Amino acid sequence: MVDSIGAGRYAPSPSGDLHIGNLRTALLAWLFARSSGRHFRLRFEDLDRTADGAAERQRDDLAAIGLDWDPPEMRQSSRLDVYAGVVTELMSVGRTFECFCTRREILEAPSAPHSPPGAYPGTCRHLTEAERAARRASGRRPAIRLLSDTDTFTVTDELHGAQTGTMDDFVLVRGDGTYAYNLVVVVDDGAQGVDQVVRGDDLLSSAPRQAYLATLLGIRPPVYAHVPMVLNTDHIRLAKRDGAVTLSDLHAAGITTAQVVSLMAESLGLASPGEPVSTQALLQRFSPQRLPREPWIFEPPQLVED
Ligand code: GLU
């Protein structure tokens, strides 16, 4: 599956329908990938909350706005064995430890100088086998953390430049046995041959951890472009409750798919107001350097009730 062309990707969580902010990020990921001759992959990150039929509707909406992708699609829920194998491998080379701390204990523990709030203070790093046994016996189910061997890690983002993150011992497997996003995203990008990650800039601070883990797993970290988000008129991240924001809600409010594409293109400086434009035409116009660096403020039409 991995080849020399490289690939970009869009990796939605199928917890509901995509809104215009998600669709715009997907459009950007597609433009970055296709304009650089890469494959484009689709991956459903369905380990957490999912809604019935959401993946299928997300796929339909992505196709409706004119995106295409290269098979096979990936679903994380079918890859639990792969994640288990990676964790076992990290364990066998001594790169993990069990952590019995609650969230509250982590927040209340004295933190190392210069570490950001919420960073793991290292409490369970050096427990003895007897201490671990005692904690297990108290009924606590341990999370598995990465034993990090560096304080910081730096990635380069095409839009934000160098980003340095503090490398604490982040969680790979939660106490309830579910695999953490920071683990699976790295494993799956590697498996899908993804060498270009384009996503919302709310995930910028996660990139150094993910790139560091990639290097430990022998995966070359991708290039990153964290793109501006879509906000509501209160300048808060757009959400379903803001009104008609999904393709089907926008249709119900009288806005066609073609008009949604025009609106997104205009917001990216790739079309003039109201200009009908296909995603193929946008590919000819797209230039990462000319992307607006500010969030797009979207005022949704009122939701039309059924
Ligand atoms: N599944 C994540 C989301 O929908 C995206 C993760 C990523 O692009 O790395 O927010």
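Note that the structure is predicted; figures quoted are calculated from it, not measured.

**Student:** Whenever I open this one, the sheet that holds strand 8 (residues 171-173) confuses me. Can you help?
**Tutor:** To summarise the sheet geometry, strands pair through backbone hydrogen bonds and adopt either a parallel or an antiparallel arrangement. Spatially, 4-5-8 is the arrangement adopted by the three strands of the open sheet, whose pairing is antiparallel. At either margin of the open sheet sits one strand with a lone partner, and together these are strand 4 (96-99) and strand 8. When the angles between neighbouring strand axes are averaged without regard to direction, this sheet yields 45 degrees. Sheet topology places strand 5 (residues 143-146) next to strand 8; two bridges connect them, and they run antiparallel.

**Student:** For this particular structure, what's the right way to read the UniProt feature "binding site: L-glutamate" (unreviewed entry) in the protein chain?
**Tutor:** In the numbering adopted here, UniProt assigns the feature "binding site: L-glutamate" (unreviewed entry) to R9, Y10, A11, P12, S13, E45, Y181 and R199. Here the side chain of R9 touches D189 through a polar contact of 3.0 Å, side chain to side chain. Relative to the helices and strands, Y181 resides in helix 6 (residues 181-191). In this view, Y181 contacts E45, R199, L203 and Q210; residues no more than four positions away in its chain are not counted.

**Student:** Is there a simple way to explain unusual backbone geometry in this structure?
**Tutor:** Peptide bonds are mostly trans, and most non-glycine residues show a negative phi. The residue after P71, namely P72, is reached through a cis peptide bond having omega 0 degrees. Of note, P72 is situated in the loop between helix 2 (54-64) and strand 3 (74-75). For H235, which is not glycine, the phi torsion reads 65 degrees and is therefore positive. Position of H235 among the secondary structure elements: in the loop between strand 11 (230-231) and helix 8 (247-252).

**Student:** Explain the site of the ligand here, please?
**Tutor:** Surveying the vicinity of the ligand reveals the residues R9, A11, P12, S13, E45, Y181, V185, R199 and L203. A11 places a polar main-chain atom, nitrogen or oxygen, 2.8 Å from a nitrogen atom of the ligand. Between Y181 and the ligand, the recorded distance is 2.7 Å, taken from a side-chain N or O atom to an oxygen atom. Taken by itself the ligand offers 300 Å² of open surface, and the protein chains cover 74% of this.

**Student:** Would you take a moment to explain the sheet that holds strand 3 for this structure?
**Tutor:** Here three strands make up an open sheet; going across it, the order is 1-2-3 and the pairing parallel. Either end of the sheet is taken by a strand with one partner, and the two such strands are strand 1 (7-10) and strand 3. Here strand 2 (residues 39-44) pairs with strand 3 via two bridges, running parallel. Note that in strand 3 the partner of R43 across the bridge is M74. Packing of helix 2 onto the sheet brings it into contact with strand 1, strand 2 and strand 3, and relative to strand 2 it is tilted by some 155 degrees. Those strands touched by helix 6 are strand 1, strand 2 and strand 3, and its axis lies near 145 degrees from that of strand 2.

**Student:** What's the story with the pairing of strand 1 in this structure? I'm lost.
**Tutor:** The side chains of a regular strand alternate, first on one face of the sheet and then on the other. Burial along strand 1 is two-sided: the face carrying A7 and R9 and the face carrying G8 and Y10 are both buried. Where strand 1 and strand 2 come together, four bridges link them in parallel fashion. What sits directly across from A7, in strand 2, is H39. The parallel pair strand 1 and strand 2 is bridged by helix 1 (residues 20-35), and the resulting crossover is right-handed.

**Student:** Any chance you could explain the environment of S77 here in plain terms?
**Tutor:** Topologically, S77 is positioned in the loop between strand 3 and helix 3 (80-92). The residues touching S77, leaving out its near neighbours within four places in the chain, are D46 and L47. At 2.7 Å, the side chain of S77 forms a polar contact with the side chain of D46.

**Student:** What is the right way to read the packing of aromatic side chains from this model?
**Tutor:** For any pair of aromatic rings, the description consists of the separation of the ring centres together with the inter-plane angle of the planes. Tallied over the full model, the rule gives five aromatic pairs. Ring geometry for F32 against F286: centres 5.1 Å apart, planes inclined by 70 degrees, an arrangement best described as edge-to-face. Here F32, found in helix 1, pairs with F286, found in the loop between helix 10 (279-285) and strand 12 (296-297); they are 254 residues apart in sequence, far enough to count as distant. Residue F32 shares its accessibility class with F286, and that shared class is buried. Ring centres of F153 and Y212 lie 5.6 Å apart, and the angle between their planes is 50 degrees; on these two criteria the pair is classed as tilted. Here F153 is found in strand 6 (residues 152-157), whereas its partner Y212 is found in helix 7 (residues 207-216), with 59 residues between them in sequence. Looking at Y212, the relative accessible area reads 3%, which means it is buried. Here the basic side chain of R145 rests over the ring of Y120, its NZ or CZ set 3.7 Å away from the ring centre.

Cut-offs applied
- Residues numbered from 1 in each chain as written.
- Predicted model: local features only at pLDDT ≥ 70, side-chain atom pairs only at ≥ 80, totals over all residues.
- Heavy atoms only, no water.
- Pairing = 2+ DSSP bridges.
- Helix = DSSP H or I, 4+ residues; strand = E, 2+ residues; numbered from the N terminus.
- Axes fitted to C-alpha atoms, helices over the stretch in contact; angles between N-to-C directions.
- UniProt positions renumbered as here; feature names shortened; annotations may be inferred.
- Polar contact = N/O pair within 3.5 Å; in protein donor to acceptor, adjacent residues only side chain to side chain.
- Contact = heavy atoms within 4.5 Å.
- Near = heavy atom within 4 Å.
- Areas by Shrake-Rupley, 256 points an atom, 1.4 Å probe, with all protein chains shown as cover.
- Buried < 20%, exposed > 50% of the residue type's maximum accessible area, 1.4 Å probe, protein only.
- Right-handed = clockwise from strand over helix to strand, strands pointing away.
- Phe/Tyr/Trp six-rings, centres within 6.5 Å; stacked < 30°, edge-to-face > 60°.
- Lys NZ or Arg CZ within 6 Å of the ring centre and 35° of its normal.

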